[in-house]
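Breakdown of the fold
The chain contents come next:
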Protein chains: 2
Amino acid sequence: VTLHLVLAESALELVPQEIRNTPAVRSDSRRRGTDPSEIILDRSLHHSSMPRLSHGERRGRPDLVHEAVLSATGTPLFMNGKLKVYVHTNQNLVLQIEEKTRIPKSYNRFRGLAEQLLTERPKSGLVKVYDADITKLVKKVIGADRVVGMSTQGAPTDLGELSKELTATRRPCVLVGGFPRGHFDPAVLRMTDRLVRISPMPLEAHVVVARVVYEVEKATNRIND
Amino acid sequence: VTLHLVLAESALELVPQEIRNTPAVRSDSRRRGTDPSEIILDRSLHHSSMPRLSHGERRGRPDLVHEAVLSATGTPLFMNGKLKVYVHTNQNLVLQIEEKTRIPKSYNRFRGLAEQLLTERPKSGLVKVYDADITKLVKKVIGADRVVGMSTQGAPTDLGELSKELTATRRPCVLVGGFPRGHFDPAVLRMTDRLVRISPMPLEAHVVVARVVYEVEKATNRIND
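Residues numbered from 1 in each chain as written. Chains lettered and ligands numbered in written order. Predicted model: local features only at pLDDT ≥ 70, side-chain atom pairs only at ≥ 80, totals over all residues. Heavy atoms only, no water.

1. Quick word on the relation of the copies chain A and chain B
Expressed as a screw operation, the relation of chain A to chain B combines 0.0 Å of axial shift with a rotation of 180°, fitting to an RMSD of 0.0 Å. Expressed as an axis order, the relation between the two copies is that of a two-fold axis. Same-surface contact between copies: 100% of interface residues of chain A are shared with the interface of chain B. (Least-squares fit on C-alpha atoms with pLDDT ≥ 70 in both. Contact = heavy atoms within 4.5 Å.)

What follows is the structure in structure tokens.
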């Protein structure tokens, strides 16, 4: 069994047209010698420009995406080729990370990679980039037969039990929100067979990812024993 | 029970005297407008200057430390005040993170915080900094009654079982290496009651931290149920 892990509606995008000419973006662009159209939107740098963006509070968190991706790709499940990772963005782009790909651990290098990927949109390679909304990704690209969404709005669920169920299916898919606040879009909710909550406290994406992958890894090892 | 988690011999330090005058460090210093003596050593920037450092392959990985700290501080165990986190550095400094402290998720902000902490060494506050080798930290500061080191050189051990044992003691302490390669120093090994390996594959510090904290959290919840 391979687990298909989707970071859904992730706060990862290039600086949108409407704020490319603002002081915070222009000074970042000048400092790095990069055109504003090829810079990743980053709240820690562009905060003052972001109030004018719609749904701005959910956008511009490449740090959150980086951390969640590393939480997945640092695991034995990933290194053994039993985990596929997809970063679905709020712009309906997908960054598909091939098995065993090494993602830069340095944030600044990750940012550089993300800028290159979103600008060039490579059709092949260790990370390929393509247009897909969550429906297309889950149904067509992954062909999932079981889709679980992780959400504070879900039913309290034991993650160990859930992981056993997931590994009993052929193409299990888990959706974790790649945004800093708020809930899944209705289009995402429609894709889930089940919406679960794994902690009484709200958890950051990287914590959810680490726990899901670990429990699925344990369930997989139990099967192989 | 509070778990005391030590990131031991962490690759976090200010640029050492002997390479402050090298081109990579000087250009970083110029770009950021910061004196070389107040910049964190970072392999992703200072790689070309680092071969002349002794044990250079184990140094200059603030990204690794950042990620491991976030893996700990993002958990319910930490947010509930049941986890204390100590970053012990390869220079025998300790950064003690008070309960519920929010560590910056942006790497560049974390770097700025670490530079400030290592330069000013505050004696109080949300993160205090003091001199302590691993013996002093574990014996005197923490007063641990049970010390487990996580290492690929350890005995293969089920982490769930280990966590139950840990939560049965008064002041359990777990040591995770905060360096990118190699093994614990003998001084660290002498402090451990038990050296364990939790995966057939070598794991990055943030993955070990995420798994230990999660299992201890589960063991704690079981006690409270």
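2. As for the interface of chain A and chain B
In this assembly, 31 residues from chain A lie in contact with 31 residues from chain B. Of the roughly 2,600 Å² buried between chain A and chain B on both sides combined, carbon and sulfur atoms contribute 55%. Inspection of the chain A/chain B interface yields six salt bridges. Sorting the residues of the side of chain A that touches chain B by element identifies helix H3 (62-73), helix H4 (76-79), helix H5 (107-120) and helix H9 (205-224) of chain A as the ones contributing at least two each. Classifying every residue of the side of chain A that touches chain B by side-chain character gives 11 nonpolar, nine polar and 11 charged. (Buried area = accessible area lost by both parts, 1.4 Å probe. Salt bridge = Lys/Arg side-chain N within 4 Å of Asp/Glu carboxyl O. Helix = DSSP H or I, 4+ residues; strand = E, 2+ residues; numbered from the N terminus. Nonpolar A, V, L, I, M, F, W, Y, C, P; charged D, E, K, R; others polar.)

3. Some details on the confidence of the model for chain A
On average, residues of chain A carry a pLDDT of 96, and 99% of them reach 70 or more. For this predicted complex, the interface confidence comes out at an ipTM of 0.96, alongside a pTM of 0.97. (pLDDT = per-residue confidence, 0-100.)

4. What to know about helix H3 (residues 62-73) of chain B
Residue and element names in this part refer to chain B. For H3, with 12 residues, the first-to-last C-alpha span of 16 Å sits near the 16 Å given by 1.5 Å per residue. Taken across its 12 residues, H3 has 12 buried, putting it largely inside the fold. Among all positions of H3, only Pro62, Asp63, Leu64, Val65, His66, Glu67, Ala68, Val69, Leu70, Ser71, Ala72 and Thr73 are buried. (Expected span 1.5 Å × (residues − 1). Buried < 20%, exposed > 50% of the residue type's maximum accessible area, 1.4 Å probe, protein only.)

5. Section: the sheet that holds strand E2 (residues 83-89) of chain B
Residue and element names in this part refer to chain B. With mixed pairing, seven strands are arranged side by side in an open sheet as E4-E3-E2-E1-E6-E5-E7. Looking along the sheet, the strands with just one partner apiece sit at the ends: strand E4 (127-131) and strand E7 (194-197). Taken over all neighbouring pairs, the strand axes of this sheet differ in orientation by 30° on average, direction set aside. Sheet topology note: the strand E1 (residues 3-10)/E2 ladder contains six bridges and is parallel. Each residue of the ladder has a partner; that of His4, found in E2, is Lys84. Strands in contact with helix H7 (residues 159-167) are strand E5 (146-156), strand E6 (172-177) and E7; relative to E5, the strand with the most contacts, it is inclined by about 165°. (Pairing = 2+ DSSP bridges. Axes fitted to C-alpha atoms, helices over the stretch in contact; angles between N-to-C directions.)

6. Details of the nonpolar core
A:Leu83, A:Met150, A:Val176, B:Leu83, B:Met150 and B:Val176 are the most contacted members of the largest nonpolar core, which has 89 residues in total. Setting aside chain neighbours within four positions, we find A:Met150 in contact with A:Leu159, A:Val174, A:Leu175, A:Val176, A:Phe184, A:Val196, A:Ile198, A:Val208 and A:Val212. (Core = buried A, V, L, I, M, F, W, Y, C linked by side-chain atoms within 4.5 Å.)

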